[in-house]
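The lines below spell out each chain.
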Amino acid sequence: HVQLVESGGGSVAAGGSLRLSCVVSGYTYCMGWFRQAPGKEREGVASIVSGGRTTYADSVKGRFTISKDNAQNTLYLEMNSLKPEDTGMYYCAAPVLLWCGLAPSGFGYWGQGTQVTVS
């Protein structure tokens, strides 16, 4: 079974940067970052396959970078040029099966979330 723990959230001014981290235990073919704003559905932000191939939501392309440190079993999300609409609770997640994408329904393991607020 996979366990994930996020950290690195906080409050930042528009145009600023944050780096989120997620410590992962267990095997994961894919890992992803998701976010959810109050009153809105959870949406996929970025995902990365075990081999390193990445997928990004159109809203964050060119601003966010997903990466992983295999040796330390840590997933990262580097967020630059942050906008107020990036505000939300950010979660890292992993699927149960050999699949990868940005659909929340495809992921079975979830972290506790870390809040990101952009003013």
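Scoring rules and cut-offs
Residues numbered from 1 in each chain as written. Predicted model: local features only at pLDDT ≥ 70, side-chain atom pairs only at ≥ 80, totals over all residues. Heavy atoms only, no water. Core = buried A, V, L, I, M, F, W, Y, C linked by side-chain atoms within 4.5 Å. Buried < 20%, exposed > 50% of the residue type's maximum accessible area, 1.4 Å probe, protein only. Helix = DSSP H or I, 4+ residues; strand = E, 2+ residues; numbered from the N terminus. Pairing = 2+ DSSP bridges. Axes fitted to C-alpha atoms, helices over the stretch in contact; angles between N-to-C directions. Contact = heavy atoms within 4.5 Å. Polar contact = N/O pair within 3.5 Å; in protein donor to acceptor, adjacent residues only side chain to side chain.

(A) Broad picture of the nonpolar core. Trp33, Leu77 and Met79 are the most contacted members of the largest nonpolar core, which totals 26 residues. Contributing elements (two or more residues each) for this core: β3 (18-25), β4 (30-36), β5 (43-49), β7 (64-69), β8 (74-79), β9 (88-94) and β11 (114-118).

(B) Seen up close, the sheet that holds β7. With antiparallel pairing, four strands are arranged side by side in an open sheet as β1-β3-β8-β7. The open sheet terminates on both sides in strands that have one partner only, identified here as β1 (3-7) and β7. On average, each strand axis in the sheet is inclined to that of its neighbour by 20°, with strand direction left out of account. In the sheet, β7 pairs with β8 via six bridges, with the strands oriented antiparallel. Bridging from a neighbouring strand, aspartate 69 pairs with threonine 74 of β8.

(C) Here's a closer look at the pairing of β3. Pairing of β1 with β3, which is carried by five bridges, proceeds in the antiparallel orientation. Bridged to glutamate 6 within β3 is cysteine 22. Relative to β8, β3 runs antiparallel, the two being bridged by six bridges. Residue leucine 20 lies in a different strand from β8, and its bridge partner there is leucine 77.

(D) Up close: the environment of serine 17. Looking at the secondary structure, you find serine 17 in the loop between β2 (10-12) and β3. Spatially, the C-alpha atom of serine 17 lies 9.6 Å from that of valine 118, the residues being 101 residues apart in sequence. Excluding anything up to four places from it in sequence, serine 17 contacts Val12, Met79, Asn80, Ser81 and Leu82. At 2.8 Å, the side chain of serine 17 and the side chain of asparagine 80 are in polar contact.

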